[in-house]
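A structural walkthrough
If you want the building blocks of each chain, they are given just below.
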Amino acid sequence: MKNITALRKTIQVFSSYGISLTGKRKAANFYRDLRMDKIFVSGLIFELEYELKREIADEKVAKIQTPSELISTLLKAS
């Protein structure tokens, strides 16, 4: 049940950034395909960490390139 709530919050945050998590968009690269600046990706990650009350290690944050990678990393984080 916790994962369902976390996924709902995640979808809301992605929607506020104009990112749909359906189809090919969930595997789109933040920088190439979605044309996001690094500052916006950092803001997105911060907002998700805040909403889900979880923290991602800085080493992992630097490697995240797609929404699906970000979601799976957040759901694994404690």
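As the structure is a computational prediction, the values presented were derived from the model and not from experiment.

What to know about the overall build of the chain
Broken down by element type, the chain carries four helices and zero strands. Going from the N terminus to the C terminus, the chain shows its helices and strands as α-α-α-α. With respect to the principal axes defined by its C-alpha atoms, the chain has extents near 35 × 25 × 15 Å. Within the span of the chain, comprising 78 residues, buried residues form 33% of the whole. Residue pairs in contact within the chain that sit at least 24 positions apart in sequence constitute 59% of those at least 6 positions apart. About 5500 Å² of surface is accessible on the chain, with carbon and sulfur atoms providing 54% of the total. Within the chain, the 9 negative side-chain charges are centred at a point lying 8 Å from the centre of the 14 positive side-chain charges.

A word on the confidence of the model for the chain
When pLDDT is averaged across the chain, the result is 91; 97% of the residues are at 70 or more. Across the chain, the element-wise mean pLDDT spans from 90 in helix H1 (residues 2-16) up to 95 in helix H2 (residues 38-52).

Re H1
With 15 residues, H1 should cover 21 Å at 1.5 Å per step; its first-to-last C-alpha distance of 21 Å lies within 8% of that length. Looking at the buried residues of H1, the elements they touch are H2 and helix H4 (67-76). The first or second residue beyond H1 is Gly 18, which carries a positive phi of 80°.

Remarks on the environment of Arg 54
Along the polypeptide, Arg 54 turns up in the loop between H2 and helix H3 (58-63). Residues Arg 54 and Leu 75 lie 21 residues apart in sequence; the distance between their C-alpha atoms is 8.6 Å.

Re the nonpolar core
Phe 14, Ile 19, Phe 30, Leu 44, Leu 48 and Leu 70 are the most contacted members of the largest nonpolar core, which totals 18 residues. Listing elements by their share of this core, those giving two or more residues are H1, H2 and H4. Broken down by element, the residue count for this core peaks at five residues, all from H2. Leave out the neighbours within four places in its chain, and Leu 44 touches Val 13, Phe 14, Tyr 17, Ile 19, Phe 30 and Leu 70.

Section: the side chain of Arg 54
Glu 49 provides the closest opposite charge to the buried, salt-bridge-free Arg 54, at an N-O distance of 10 Å. When near neighbours in sequence (up to four residues on either side) are disregarded, Arg 54 contacts Asn 3, Glu 49, Leu 74, Leu 75 and Ala 77.

Structural notes on H4
Among all positions of H4, only Pro 67, Leu 70, Ile 71, Thr 73 and Leu 74 are buried. Along the axis of H4, the buried positions cluster into a sector of 165°, meaning they face one direction only. Looking at the buried side of H4, the elements it contacts are H1, H2 and H3.

Cut-offs and rules
- For every chain, the first residue of the written sequence is number 1, and numbering continues from 1 onward in sequence order.
- Under the rules for a predicted model, residues below a pLDDT of 70 receive no local features and side-chain atom pairs below 80 are neither given nor counted, while totals for whole chains, interfaces and linings still include all residues.
- Just so you know, side-chain values use all the structure's heavy atoms and leave hydrogens and water out.
- Runs of E in the DSSP output that reach at least two residues are strands. Runs of H or I that reach at least four are helices, and both are numbered from the N terminus.
- The rule is simple: take the accessible area with a 1.4 Å probe, protein chains only, and divide by the maximum for that residue type; under 20% is buried, over 50% is exposed, in between is partly exposed.
- Whether two residues are in contact is decided by their heavy atoms, any of which lying within 4.5 Å being enough.
- Residue exposure ignores everything except the shown protein chains as possible cover, and the areas themselves are Shrake-Rupley values with a 1.4 Å probe.
- The charged-residue count follows a simple rule in which Lys and Arg add positive charge and Asp and Glu add negative charge, with His and chain termini not counted at all.
- A charge is said to be at NZ when it belongs to Lys, at CZ for Arg, at CG for Asp and at CD for Glu.
- The predictor's confidence in any single residue is recorded as pLDDT, a number from 0 to 100.
- Multiplying one less than the number of residues by 1.5 Å gives the expected span of a helix.
- Joining through side-chain atoms within 4.5 Å is the link that ties buried Ala, Val, Leu, Ile, Met, Phe, Trp, Tyr and Cys residues into a set, and such a set is a nonpolar core.
- For this document, the term salt bridge refers to a Lys or Arg side-chain nitrogen within 4 Å of an Asp or Glu carboxyl oxygen.
- The directions from the helix axis to the C-beta atoms form the arc being described.

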